[in-house]
Structures are given as structure tokens and as C-alpha cells.
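Commentary on secondary and tertiary structure
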Amino acid sequence: MTAPHPLVHPLVARARSLADGLLAPHAEQVDQEEVPASHLARIRRSGLLGLNAPKEYGGAAAPGAVVRETAEILAGACCSTWFVQAQHHTPVLTLARGEGPVRERLLGPLATGELLSGVAYAHLRAYPRVPVRVTRERAGWRFDGTVPWYTGWGLNDLLLLAGVTDSGEVLFAFTEAREQPGLRASAPMRLAALTAARTVSLELDGLWLPEEAVALRTPHERWSAADRLKTVNANPAVFGLTEAALTLLDEDTAEPLRARLTEVRTRAYALADGAAPQEHLADRLALRTQASEVLGAATTAAVVTGGGRSMLLTNKAQRLAREALFLMVQAQTRESRAAHLDALTG
């Protein structure tokens, strides 16, 4: 008698179908061009944009294991497409944990994929330097400064913009992801990896947003403490990209790397599921670093295996190696940078 197959969550099955049938077959072309609106249209219809959203707003309220597995699958298939849609989940979570008119106005359309949102908040990690300053003006808020990185320009409907007030509060507010009075975008940046995700910088010169656009106000130290708890964890996209690189290796080369991948992933996810977010921070950070090391080894092995062909921009191994460089610094903090450098030099 054979054992029954474990049930696959419907969103995991949809992510796998998208990855195998659409994203992976076109990943090299997308890498050299830009993420197609048609890719994002399929993701909008899939329900994946509502992974973290409450069911009463049309979301899935999926467990952490499902969220991680879908991220692995999408990132391993086409990292540029994964990264554009990954931006969307922070606005959804921000609204799901908040209250007020903006939640009722936007959470449903974001959960169902009717609207796609990006984020502009990584500059908050530069504090006490304040790249984007927010001041009271009329019955709303004025934003001034520069957002160094905004991904998905021309692809997103909305952006969730953050800045810091003179009193040290962090303020997040929604606006349309388009040029408007007080908001101007640079040309899309040419990057070593993920140019296809259309990353720009944003110049803010008196962008005014009404009070009802505000999704979050909190002291910077409180926001920063919560941010550190998130960024200390290993990124599931790293594991997905590593898996993709392993498929390019012969079994003798892949086997020890796969064993290392399995060990690090198992330990990282066990902490994610079994410990409070503020517990085992040093272990979590060490596992994040180890995940990056396995990714670097796997993508380097894929390049070596491919030989001279790996230098072609259309080569999968070379694309994965460049994407690995991106994931090593994505959501980087002072703590994660120091831990990674210590591991590299120790």
C-alpha cells in the first residue's frame, strides 16, 4: 500500500505552474529587457498577491511555510519578476496590521490583485540621516528629499512612500506610482542584475499627500526594531535561486551543495516557525550568512560548469550568478553586512 501524497497548497501549485510554464522559459529574455506586464497580469490573477492578506478582504492568510515556498519557486524561476511582485507584500501587511480609511479603501484591491503596489522605504535604514523628510502641511503631509531605490516604476499602480518627521516619527503613505506635482522619477537604472525590474530613484519636492493616505505612523526606533527582526532572517529567495543553480550541475558536484542547502534551510525555517521573532537573533543572522555562502558556491559552480558559455549575457548560469550578487545585498543592514564580512574574512 503506497503512502498518500502530501497535499499541496493551491497557491504553491499555482506558483509552480507559473514558474514552469511562463517565468522560467522566458527568464533570460526578461533579464535583458524588462518584466512584461503580461507576466504581472498572470500573477495578479493567480491570487499570489493576497498571500498575506486577511480572508475577509479577499486574501489567503496563508501560513508562513506557504509564503516561503512560493517565494522560493518564483525567485528561482525569474528573479526580476519575483522581486517586482515581492514589493507588493509589504503594503498588504502594513494595511492588514493597521486601521483607518486607507485600509478599507485599498486592502481589498491589493489583496485581489486589482492593484499592484511598490514600496519606497529602504532609505529609513540610513537614520539618523534622513533622505526623505516629512512635514505637516495643510490637512496632510509634505514629502521632500530623494528615494534612492524604487522598483517597479511603470509596472506598479501604487507606491507606499515613507519618510521621517522632525519629531523622529516614521510615516508611511500611499500615492499613485506616476509622476505628479512634487514627484519625479529618474530613468530606469542599468544594474548588474535585475535591470528588468525597472528600478528608479525618486525626487520629492513638495509632494503633498492627504491625511487619509497615511497607513502608518510610529517612532523610528520602534519601526527599526521591527525591521531588524525581519531582515535578520534568511531570505527564501536565496534558497530558490540556489535550487535553480543546482539544476545546472552534475550530481557529484550538486550533492554536497544540496546537503548544505538542506541543512541551512531546515534550521532557518525551524527558527522562523518555532521561536519568537526576537529570539535567537545571532543564530538567525548566522544562517542568513550561511545561506548566502551556499548560494555563492552554487552559482559559482554553475558558471564554472558552463565554461566560456557562461560569459554570454543570455546564459542561465551567468544570470543566476548576477542575481546572487543582488540577493547578497538586498535588505542589507549594518548587522547583516558585518556578519557577512566577518564570515568572509574569518
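Quick look at the structure, then. (Residues numbered from 1 in each chain as written. Predicted model: local features only at pLDDT ≥ 70, side-chain atom pairs only at ≥ 80, totals over all residues. Heavy atoms only, no water.)

Soluble globular proteins tend to bury their nonpolar side chains together. Counting 64 residues, the largest nonpolar core has Val35, Trp82, Phe239, Leu246, Leu249 and Leu327 as the members making the most contacts within it. Discounting chain neighbours no more than four positions away, the residues touching Val35 are Val30, Leu40, Ser80, Thr81, Val84, Leu155, Ala196 and Ala197. (Core = buried A, V, L, I, M, F, W, Y, C linked by side-chain atoms within 4.5 Å. Buried < 20%, exposed > 50% of the residue type's maximum accessible area, 1.4 Å probe, protein only. Contact = heavy atoms within 4.5 Å.)

A few words on the packing of aromatic side chains. With the rule as written, the count across this model stands at 6 aromatic pairs. Seen from their ring centres, Phe83 and Phe326 are 4.8 Å apart, and the 75° between their planes marks the pair as edge-to-face. Taken together, the positions of Phe83 in helix H5 (residues 79-86) and Phe326 in helix H12 (residues 316-329) put the pair 243 residues apart, joining distant regions of the chain. A single burial state applies to Phe83 and to Phe326, both of which are buried. (Phe/Tyr/Trp six-rings, centres within 6.5 Å; stacked < 30°, edge-to-face > 60°. Helix = DSSP H or I, 4+ residues; strand = E, 2+ residues; numbered from the N terminus.)

Moving on, we come to helix H8 (residues 220-231). Across its 12 residues, H8 extends 16 Å between first and last C-alpha, which sits within 8% of the 16 Å expected from 1.5 Å per residue. Turning to H8, its buried residues number three or more, namely His220, Trp223, Ser224, Asp227 and Thr231. Down the axis of H8, the sector holding all buried residues measures 95°, keeping them to one side. Facing away from the buried surface of H8 by more than 90 degrees, the exposed residues are Glu221 and Arg222. The secondary structure elements touched by the buried residues of H8 are strand S4 (158-165), strand S5 (169-176), strand S8 (214-219) and helix H11 (281-306). (Expected span 1.5 Å × (residues − 1). Arc of directions from axis to C-beta.)

Before going further, it helps to examine the pattern of salt bridges. Under the defined criterion, the tally for this structure stands at 20 salt bridges. Of the charged contacts, one joins Glu104 and Arg103 as a salt bridge, the two residues approaching to 3.6 Å between their closest N and O atoms. Glu323 is the salt-bridge partner of Arg319, the closest N and O atoms lying 3.2 Å from each other. With Arg319 and Glu323 both in helix H12 and 4 residues apart, the pair spans about one turn of that helix. Given the relative accessible area of 2%, Arg319 is considered buried. Note on Glu323: relative accessible area 1%, which makes it buried. (Salt bridge = Lys/Arg side-chain N within 4 Å of Asp/Glu carboxyl O.)

A separate point is unusual backbone geometry. Generally, phi is negative for residues other than glycine and the peptide bonds are trans, each holding for most cases. Cis peptide bonds are those with omega within 30 degrees of zero, and the linkage from Tyr127 to Pro128 qualifies with 20°. Mapped onto the fold, Pro128 is located in the loop between strand S1 (117-120) and strand S2 (132-137). Positive phi is not limited to glycine here, since Arg198 has a value of about 55°. Positionally, Arg198 belongs in the loop between strand S6 (183-185) and strand S7 (199-210).

With that settled, consider the side chain of His340. Mapped onto the fold, His340 is located in helix H13 (residues 334-345). Under the relative-accessibility criterion, His340 is labelled buried at 13%. Those residues in contact with His340, other than ones at most four positions away along the chain, are Thr289, Ser292 and Met328.

What follows concerns the packing of H11 against H13. To describe two helices that pack against each other, one gives the angle between their axes and the distance between the axes. Close contact between H11 and H13 brings their axes to 9 Å; oriented N to C, the two are set at 60°. It follows that H11 is oblique to H13 by the angle criterion. Note that H11 runs across H13; the crossing there is right-handed. Across the interface between the two elements, Leu285, Arg288, Thr289, Ser292 and Glu293 from H11 touch Glu335, Ser336, Ala339, His340 and Ala343 from H13. Each residue belonging to the contact of H11 with H13 can be placed in one class, and the counts come to 3 nonpolar, 4 polar and 3 charged. (Axes fitted to C-alpha atoms, helices over the stretch in contact; angles between N-to-C directions. Parallel < 35°, antiparallel > 145°, perpendicular 65-115°, else oblique. Left-handed = near helix turned anticlockwise from the far one by under 90°. Nonpolar A, V, L, I, M, F, W, Y, C, P; charged D, E, K, R; others polar.)

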